[in-house]
Amino acid sequence: MFDLEKEFLYDLNKEVKTGTTVMAVTFKDGVIIAADSRTSSGSYAVNRVTDKLTPVHDQIYCLRSGSAADTQIISSYVSYYTNMFSIEEGSQPTVKKAAHMFREFLYQNKQYLHAAIICAGWDPIDGGSVYSLPLGGSIVKQPFATGGSGSTYLYGYCDMNFKENMTEEEAEKFVTYGITEAIARDGGSGGIVRKAIIDKNGVRRKTVYGNKLKKFWEK
């Protein structure tokens, strides 16, 4: 018998499972970030076309996983402070500075937040760089990073296909196929693939719609 209360009414004190897949990778001229577009709450897809590529500054972006509310407010705070820094100092903030701002917020509030961040971008000092900030507020600079529930399906794929100093085309294929494989396997990931190429010339956004995504056996 169909139980309406069991199916649709939730204990508000119970943790709600979320899902996503996000990736960032450095290439010789900058970084490429990518994400799926599904926002889920338990087994329910709340939004099919969420934009998870969140701008922090002109050439600095973050990728959010965990609680949408927590990550949105943290990214808005960091965006505010990086823009204030840019105005006061008269220079472009580095990706490292923005990443350490994220670390400060995440670490100081780790008992209250369910948030993980990948901070990536390009600056004149360090070029393209990627910082991973998992739950708890630690920070690690990496050549590539993955996050979200779909990332558990990508460890073998990344180990096999990543290489240093990839071209822009190679890096774009790397993240596109990665997100596609996670969408195929992870129930919390889905929708379309949004990408952003960040280098000294700025940011270029691209979208691959669901009917254009190649399956992993077709690549």
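About the cut-offs
Residues numbered from 1 in each chain as written. Predicted model: local features only at pLDDT ≥ 70, side-chain atom pairs only at ≥ 80, totals over all residues. Heavy atoms only, no water. Pairing = 2+ DSSP bridges. Helix = DSSP H or I, 4+ residues; strand = E, 2+ residues; numbered from the N terminus. Axes fitted to C-alpha atoms, helices over the stretch in contact; angles between N-to-C directions. Contact = heavy atoms within 4.5 Å. Salt bridge = Lys/Arg side-chain N within 4 Å of Asp/Glu carboxyl O. Buried < 20%, exposed > 50% of the residue type's maximum accessible area, 1.4 Å probe, protein only. Phe/Tyr/Trp six-rings, centres within 6.5 Å; stacked < 30°, edge-to-face > 60°. Core = buried A, V, L, I, M, F, W, Y, C linked by side-chain atoms within 4.5 Å.

### Section: the sheet that holds strand β10 (residues 144-147)
In a beta sheet, neighbouring strands pair by backbone hydrogen bonds and run either parallel or antiparallel.
Okay, so step 1: One open sheet holds the 5 strands; their spatial order is β10-β1-β2-β11-β12, and the pairing between them is antiparallel. Both edges of this open sheet fall to β10 and β12 (202-208), since each of them pairs with a single strand only. Averaged over neighbouring strand pairs, the angle between their axes works out to 15° when direction is ignored.
Okay, so step 2: Pairing between strand β1 (residues 22-27) and β10: 4 bridges, direction antiparallel. Across the sheet, residue alanine 24 finds its bridge partner in β10, namely alanine 145.
Okay, so step 3: The strands touched by helix α5 (residues 168-185) are β1, β2 (30-35), β11 (193-199) and β12; relative to β1, the strand with the most contacts, the crossing angle is about 165°.

### So, the pattern of salt bridges
Okay, so step 1: Tallying each qualifying case throughout the model produces 10 salt bridges.
Okay, so step 2: Across the pair glutamate 170 and lysine 163 runs a salt bridge whose closest N-O atoms are separated by 3.0 Å.
Okay, so step 3: You can call glutamate 170 partly exposed: its relative accessible area is 31%.
Okay, so step 4: Given a relative accessible area of 42%, lysine 163 falls into the partly exposed group.

### Here we look at the sheet that holds strand β7 (residues 115-123)
Okay, so step 1: If you walk across this open sheet you meet the 5 strands as β5-β6-β7-β8-β9, and the pairing is antiparallel. Pairing within the sheet leaves two strands with one partner each, and these edge strands are β5 (53-57) and β9 (140-142). Pairs of neighbouring strands in the sheet enclose a mean axial angle of 30°, with direction left out of account.
Okay, so step 2: Here β7 pairs with strand β8 (residues 127-133) via 7 bridges, running antiparallel. Bridging from a neighbouring strand, isoleucine 118 pairs with serine 132 of β8.
Okay, so step 3: Sitting on the sheet, helix α2 (residues 68-89) touches β5, β6 (60-66) and β7, and the angle it makes with β5 is about 25°.
Okay, so step 4: Packed onto the sheet, helix α3 (residues 95-108) meets β5, β6, β7 and β8 and runs at close to 165° relative to β7.

### Let's talk about the packing of aromatic side chains
Okay, so step 1: In this structure the tally under the stated criterion is 7 aromatic pairs.
Okay, so step 2: Judged by centre distance (5.1 Å) and plane angle (75°), the rings of tyrosine 80 and tyrosine 81 are edge-to-face.
Okay, so step 3: You can call tyrosine 81 partly exposed: its relative accessible area is 40%.
Okay, so step 4: Each residue in the set Tyr77, Tyr80, Tyr81 and Phe105 is aromatic and connected to the rest through ring pairs, giving one cluster.

### Section: the nonpolar core
Okay, so step 1: Met23, Val25, Ile32, Cys158, Met166, Phe174 and Val175 are the most contacted members of the largest nonpolar core, which totals 22 residues.
Okay, so step 2: Listing elements by their share of this core, those giving two or more residues are β1, β2, α4 (155-161), α5 and β11.
Okay, so step 3: Among the elements that make up this core, the one with the highest residue count is α5 (7 residues).
Okay, so step 4: For valine 25, the contacting residues outside a window of four places in its chain are Gly30, Val31, Ile32, Val130, Pro143, Phe144, Phe162, Met166, Ala171, Phe174 and Val175.
Okay, so step 5: Judged by nonpolar contacts, the second largest core, of 16 residues, contains Ile74, Val95, Met101 and Ile117.

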